[in-house]
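# Coordinates in review
Now for the letters of each chain:
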Amino acid sequence: MGDDRGSEILSRLRADRRRDRCVTHVERVPARAGTAVDWPEWADPLLLGRLRSAGVTAPWSHQAAAAGAAFAGRSVVLATGTASGKSLGYLLPVLTTLLADPSARALYLAPTKALAHDQLRAVRSLALTAVRAASYDGDTPAGEREWVRAHATFVLTNPDMLHRGILPGHRRFGPFLRGLRYVVIDECHGYRGVFGAHVAQVLRRLRRVCARYGSDPVFVLASATVADPGVAAARLTGLDVDVVDEDGSPRGATDFVLYEPPLFLTAGRRQPDAAAGGRLAAAGPGPGGAGRLTGAGKLAGVAGVAGVAGAVGMAGVAGVAGRGASVGGDHPTRAGAGGGVATAAEGTEGDDGPGAGENGAPVRRSATAESADLLADLVADGVRTLVFVRSRRAAEVVANSARRALGLVAPELGERVAAYRAGYLAEERRDLEARLRSGDLLGVAATSALELGVDISGLDATVIAGYPGTLASLRQQAGRAGRSGQGALAVLVARDDPLDTYLVHHPEAVFGRPVEATVFDPDNPYVLGPQLECAAAELPITESDLELFGAASRPVLDDLVRRGRLRRRPAGWYWTQRGRPDVDIRGVGGPPVRIVESGTGRLLGTVDAATSHSTVHPGAVYLHQGVSFVVEELDLEESVAFVVHAAPDWTTTARDHTDIRIVGQTRARVVDRDLAVYFGTVEVTSQVVGYQRRLITTGEVLGDVPLDLPPRHLRTRGVWYVVSDRLLEDAGVEPADVPGAVHAAEHAAIGLLPLFATCDRWDIGGVSTALHPDTEQTTVFVYDGHPGGAGFAERGYGRFGTWLTATRDAVSACECPAGCPSCVQSPKCGNGNEPLDKAAAVRLLTTILGRLDGP
Ligand SMILES: [Zn+2]
Ligand SMILES: [Zn+2]
């Protein structure tokens, strides 16, 4: 036991030979002793007494350092590991101040309601009656809100509520804002991309409104370990911040396992029982069937993991592959445009990849199915285990499969496994959290809703089903396990995705490199414009405010005046419209499309406007909690899709046509006359032109149905490289193979970019073409999937050589013969993953890299 707990669990798992073969690397992360220091002299004695009786005898060095800076009035970011007790770093100064000064106020922001509620419980458990702490979010009853505004001294909320509720209603919050001394921003690394840019501007609005009420709060930020936390915190708040990133807390040893599920070399479409892809194969005999799935022979088969979602993508699609034609519009659509509408049921979260090799390619057993097995086996062994999955649907699937498997051998254990995800009612969530803390639940399958700091301890193992997108997240999730001082096990299970494949074969990329930087761009005009409207609606914007909102704000304000959104008066810029601006800080362009059941009017869910054409077009099969619906009508004007309950025996896959135009170059790197790399503004035009129906059972194509949907335009930032015919010749890529080579290289590059920027493949898109009209040469584009850009493509330009090296290595490392979802196939290809030429892509990338190194 003790420090070897992780090794001990691992050796039991590896006793199963099939499991053992899946382990590609074990990293032993050593234990670390803690550095305790004295309590700061200024800390309130009553508070210290309560902390001591709660078992906190002394602070760790990083807690004291951050608390000291904040109490001295300096904004600070505390960037240390999971479970390092970051909350004490801000609670010490905040609670001490609230206890000492009845007029003082503090605001706490968490990215999720669940985390804010958890913090509220922690604060209330200290029983400091002089601190009136309350949450203020969408769950707060109207009657209570008034009490919070009038009486609470410590308000716990989220950026959405700050943006929609508190700032627009600042007059009602006057006394609170007047007394505001601290703003705590927890889990601040979560504010990235376009969401990060919005939150950065929301915080500037807060600072401006506070200044109007005469307050100038200190910001205390808590972050996971990310690269340059001080830079990200300063960008987020617009302030200079101190950085505390030396972790003084103790840590048990962790056995960290990289794990790759087996590859099936089945000819999927020819075998009815395997036709639904790797996932359904878990249901029965045959490859991946019952006998092979059981760990140590304890459990008899895990059935029916995520069947239908894997059923798409068997047969070839006629590619528009001719030289000169754009091939491969790969859209940053979260719901998986080309990945089949079955995966679209989620709407907001990337699912588990296509689960089936397209065009008869081999498939890897899905990370979801494999993780469900691991969960069942670990729970059967009495190991308290948390499985992190990427989608709500996968959380349900993993929990159900593990329960079912356990039910066969130990029904009482099945009861102790549950799913935890966003979308549950607040009471359900709290109940699950309590059961998890108490140990009543032995196994939980969770989305990242649980990653975000909810306080749970006493776990022995974490299983991470698919790389969560960033090293910061990976470490955060792995760090969930480990009872005080004891060792723990963490397992990263690879998805069939090029990035995951790369990582499980390159441990140095997981353990030997710094975490990525949190990337966002507060100057994105598509964020700044709506945010300045919100600001003007709160209080007119004056000349002196422009410094706060940044240099980019003046041209944006001029534009808003030109468009009649704001009016320029001598005293400043005024909001002229009736009502308030309607800005969704988490949205990606336009209001979401509601999915409504015809007849009953029941709201089933929503999908992003950007993905709606490909996921809820007329005729699309839409899955909601395992029940299938068919879309009758997509009303674009009202942003609503009407569906009827139906269970056709086919799935649907949207097909689209994409064009990309270069608007302007911002940066260029001309390597030689055969190769150049650019970063700049692009305009992407895509149109869903039809969809394909395929039989669930065999993957057989039933036919194409044309659609008449308008094109969608996206002006954003992109990185692109241009290669000459001579370079292609050097690489041994025949003219006829160019479209397949660049398309494959583009897919893999999209898959690997998240290694360098805090994004995932669903945030970025790509287009590859053998002859682009703007460059008149072979060109591969990768672009940010958000209007105005989000910083990802820019990062790709900055790290071009490293990025392409990783891309080439991932593709060449995959042992499949001619391309599979683990290397060059993409779950979101709008072109049916046709054409793809894996070998030519490797030759092309290698030749490009040779030129970059250059003689
Ligand atoms: Zn594609
Ligand atoms: Zn492959």
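Residues numbered from 1 in each chain as written. Chains lettered and ligands numbered in written order. Predicted model: local features only at pLDDT ≥ 70, side-chain atom pairs only at ≥ 80, totals over all residues. Heavy atoms only, no water.

## Observations regarding the coordination of the zinc ion (ligand 2)
Definition in use: Here a donor is any nitrogen, oxygen or sulfur atom (N, O, S) within 2.8 Å of the metal, with 3.2 Å used for Na, K and Ca; water is not among the atoms considered, so some sites may look incomplete. In these descriptions, tetrahedral denotes four donors with every angle between 85 and 135 degrees, square planar four donors and octahedral six donors with opposite donors over 155 degrees apart and the rest between 65 and 115, and irregular any other case. Buried, partly exposed and exposed residues are distinguished by accessible area as a fraction of the type maximum, computed with a 1.4 Å probe on protein chains only: under 20%, between the cut-offs, and over 50%, respectively.
Around the zinc ion (ligand 2), the protein contributes the donor atoms Cys814 (SG), Cys816 (SG), Cys820 (SG) and Cys823 (SG), at 2.2 to 2.4 Å from the metal centre. Considering all four donor atoms around the zinc ion (ligand 2), angles at the metal cover 99 to 118 degrees and the coordination shape is tetrahedral. On the primary sequence, the residues serving as donors to the zinc ion (ligand 2) are separated as C-x1-C-x3-C-x2-C. Residues Cys816 and Cys823 agree in their burial class; the two are buried.

## Here we look at the side chain of Asp784
For clarity, the threshold we go by: Runs of E in the DSSP output that reach at least two residues are strands. Runs of H or I that reach at least four are helices, and both are numbered from the N terminus. A positive count includes Lys and Arg, and a negative count includes Asp and Glu. His and the chain ends are not counted in either. A pairing counts as a salt bridge when a side-chain nitrogen of Lys or Arg comes within 4 Å of a carboxyl oxygen of Asp or Glu. In protein, a polar contact requires one atom able to donate a hydrogen and another able to accept it; more generally it is a pair of N or O atoms within 3.5 Å, and residues adjacent in sequence count only if both atoms are side-chain atoms. In what follows, residue pairs with any heavy atoms lying within 4.5 Å of each other are defined as contacts.
Relative to the helices and strands, Asp784 resides in strand E30 (residues 778-784). Despite being buried, Asp784 has no salt bridge partner; Arg717 is the closest side chain of opposite charge, sitting 6.6 Å away. Engagement of the side chain of Asp784 in a polar contact is seen with the backbone nitrogen of Phe792, the distance being 3.4 Å. Setting aside anything within four residues of it in sequence, one finds Asp784 in contact with Leu714, Thr716, Arg717, Asp763, Ile764, Gly789, Ala790, Gly791, Phe792 and Ala793.

## Some words on the pattern of salt bridges
Inspection of every chain in the model, using the stated rule, returns 34 salt bridges. For the salt bridge of Arg5 with Glu8, the shortest nitrogen-to-oxygen distance reads 3.3 Å. With a gap of three residues between them, Arg5 and Glu8 both fall in helix H1 (residues 5-14), about one helical turn apart. Overall, the relative accessible area of 8% leaves Arg5 in the buried class. For Arg586, the salt bridge goes to Asp160, with nearest N and O atoms at 2.7 Å. Note that Arg586 is positioned in the loop between strand E19 (572-575) and strand E20 (593-597) and Asp160 in helix H8 (residues 159-166), a separation of 426 residues in sequence. Salt bridges sharing common partners tie together Arg5, Glu8, Arg12, Asp381 and Asp460.

## Section: the environment of Pro711
By the element assignment, Pro711 lies in the loop between strand E27 (701-706) and strand E28 (712-723). For the pair formed by Pro711 and Val684, sequence separation is 27 residues and the distance between their alpha carbons is 9.9 Å. Discounting chain neighbours no more than four positions away, the residues touching Pro711 are Thr685, Ser686 and Gln687.

## Some thoughts on the pairing of strand E26 (residues 675-695)
The condition is simple: Two strands qualify as a pair provided that DSSP identifies no fewer than 2 bridges between them.
The buried fraction of E26 is high, at 17 of 21 residues. Note: strand E25 (residues 650-672) against E26, 20 bridges, orientation antiparallel. Of the residues in E26, the one forming a bridge with Trp650 is Leu695. Of the pairings in the sheet, the one linking E26 to E28 comprises 12 bridges and is antiparallel in character. The residue bridging Ala676 from the neighbouring strand is Val722, located in E28. In the sheet, E26 pairs with E27 via five bridges, with the strands oriented antiparallel. The partner of Tyr691 across the bridge, within E27, is Val705.

## Structural notes on the pairing of strand E14 (residues 417-420)
Along E14, one buried face is formed by Val417 and Ala419 and the opposite face, lined by Ala418 and Tyr420, is buried too. Alignment of E14 against strand E15 (residues 443-446), held across four bridges, turns out to be parallel. Along E15, the bridge assignment pairs Ala419 with Ala445.

## Overview of the packing of helix H14 (residues 367-380) against helix H15 (residues 392-409)
In plain terms, the rule: Axis angles are defined between N-to-C directions and span 0 to 180 degrees, where every axis is a line fitted to C-alpha atoms and, for a helix, only to the segment in contact. Angles below 35 degrees are treated as roughly parallel, those above 145 as roughly antiparallel, those between 65 and 115 as roughly perpendicular, and all remaining angles as oblique. It is the rotation of the near helix from the far one that decides the hand of a crossing: anticlockwise by less than a right angle makes it left-handed, clockwise makes it right-handed.
Running from N to C, H14 and H15 point in directions that differ by 45 degrees, and their axes come no closer than 8 Å. If you check the angle between H14 and H15, you find them oblique. Between H14 and H15 lies a crossing of right-handed hand. Between H14, through Thr368, Ala372, Leu375, Ala376, Val379 and Ala380, and H15, the contact on the second element is made entirely by Ala394, Val397, Val398, Ser401, Ala402, Ala405 and Leu406.

## Examining helix H10 (residues 193-212)
Rule in force here: Given the number of residues in a helix, its expected span is that number minus one, multiplied by 1.5 Å.
Under the 1.5 Å per step criterion, the end-to-end length of H10 is 29 Å for 20 residues, consistent within 8% with the ideal 28 Å. For H10, a buried count of 17 out of 20 residues is recorded, marking the element as mostly surrounded by other parts of the structure. Directly beyond the C-terminal end of H10, a positive phi value near 85 degrees is found at Gly214.

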